[in-house]
Amino acid sequence: MKHLLAALPMLAAAGLAQADNDCGTVTIADMNWNSATLIANVDRFILEHGYGCDAELIPGDTVPTGTSIIEKGKPDVVPELWTNAIKDAIEKGVAENRLRIAGKAFADGGEEGFWVPKYLVDQDPSLATIEGIKANAKLFENPEDPDTSAFIGCPAGWTCQLTAGHNFEALKLAEAGFELVDPGSSAGLSGTIARAYERQQPWFGYYWAPTAVLGKYDMVKVDFGTGVDEAYFLSCTTQETCPPTQATMWPPLPVHTVTTADFASKAPQAYEYLSMRSFTNDQMNQLLAWMEENQADGDIAMEHFLTQYESIWSAWVSESVVAKVKQALAQL
């Protein structure tokens, strides 16, 4: 009996090692934007070196990749899927036990809102509220028309042009003296924030997270005083034909890590890692800002994250996996 008890820890360890080795070949979607390619590269490195998977990145994009994992069971892992675009199909795949939602890629979800620079709020805390913004409308002078105030909206053609425009109308910002300004493009929008920050000037407009811009520039989301009315947001704020009679803050956008059910079954430890792996928007904002400043691709950003942010990723895995990943990092 003594010999059997002594052998149990060794048997358990052998079982864990065997489970790691059973991971096999894993295909991971490498989406074509910075946060997604960073997460994909982090997953590849940790699954390969921490769990013994033969991990491979394959190019992806939201709709085609989502459709492929639903209909064909490929790839095995989609690290960052904005599931609103294909919500019904994803839910059907989960219900039919073909897909698993491992967890949230972003703990806070995708975040949208109206923002002002923090240096303005430091000077006048009321500017963190929509009532404070309206009371100080003249502060946000429109360079194209000094008789009006500027609200920098979402670029034309984007979904957020509709939701930001509806909230602009419902909050009666035009009556407070604001004009909704189309920045023309994503670069145009971020450029207005950069210029305001360089000159420490007032700025008020729409933006979203996680983004490099909100990692580089300290911004405060303006409180509408309405809370989030998700039912109204979905039934009216997002609908072109619905007259916006009330304002609502944006509900968080669901951003999940999705896998096939087959992968979850054959590699339960690797799947558990994916269920634990989640970034806050503040964390990702900082990483995206670093990627932009250093012109880093996903592979370089992965190495930066794993070497500089061990306190974050080590909480997602066991001590033995931490040791394996650190050993692999030392050999880069």
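Here goes a summary of the coordinates provided. Since the structure is predicted, the reported quantities are computational estimates derived from the model, not experimental observations.

### Re the packing of aromatic side chains
Then, number 1: Inspection of every chain in the model, using the stated rule, returns 22 aromatic pairs.
Then, number 2: On the basis of an interplanar angle of 65° and a centroid distance of 6.3 Å, the ring pair of Trp82 and Phe106 is categorised as edge-to-face. Of this pair, Trp82 sits in strand β3 (residues 77-82) while Phe106 sits in the loop between β4 (99-104) and β5 (111-117), and the two are 24 residues apart along the sequence.
Then, number 3: A relative accessible area of 23% means that Trp82 is categorised as partly exposed.

### Thoughts on the side chain of Glu80
Then, number 1: Counting through the fold element by element, Glu80 comes out in strand β3.
Then, number 2: Among buried charged residues, Glu80 stands out as having no salt bridge; its nearest opposite-charge side chain is Arg277, 8.2 Å away.
Then, number 3: Within polar-contact distance, the side chain of Glu80 engages the side chain of Trp33 at 2.6 Å.
Then, number 4: A polar side-chain atom of Glu80 sits 3.1 Å from the main-chain amide nitrogen of Ala36.
Then, number 5: Those residues in contact with Glu80, other than ones at most four positions away along the chain, are Met31, Trp33, Ser35, Ala36, Ile39, Ala105, Phe106, Val255 and His256.

### Details of the nonpolar core
Then, number 1: The biggest cluster of nonpolar side chains holds 45 residues, and the ones touching the most others in it are Phe114, Val116, Ile133, Phe178, Phe204 and Tyr206.
Then, number 2: When neighbours within four sequence positions are excluded, Ile133 is seen to be in contact with Val116, Ser126, Leu127, Phe140, Phe178, Phe204 and Val222.
Then, number 3: Listed in part, the 44 residues of the second largest apolar core include Ala40, Tyr271, Tyr273 and Leu287.

### Details of the environment of Ala135
Then, number 1: Looking at the element boundaries, Ala135 is found in helix α6 (residues 130-135).
Then, number 2: Judged by relative accessible area, which is 67%, Ala135 ranks as exposed.
Then, number 3: Separated by 72 residues in the primary sequence, Ala135 and Tyr207 place their C-alpha atoms 22 Å from one another.

Conventions we followed
Residues numbered from 1 in each chain as written. Predicted model: local features only at pLDDT ≥ 70, side-chain atom pairs only at ≥ 80, totals over all residues. Heavy atoms only, no water. Phe/Tyr/Trp six-rings, centres within 6.5 Å; stacked < 30°, edge-to-face > 60°. Helix = DSSP H or I, 4+ residues; strand = E, 2+ residues; numbered from the N terminus. Buried < 20%, exposed > 50% of the residue type's maximum accessible area, 1.4 Å probe, protein only. Lys, Arg positive; Asp, Glu negative; His and termini not counted. Salt bridge = Lys/Arg side-chain N within 4 Å of Asp/Glu carboxyl O. Polar contact = N/O pair within 3.5 Å; in protein donor to acceptor, adjacent residues only side chain to side chain. Contact = heavy atoms within 4.5 Å. Core = buried A, V, L, I, M, F, W, Y, C linked by side-chain atoms within 4.5 Å.

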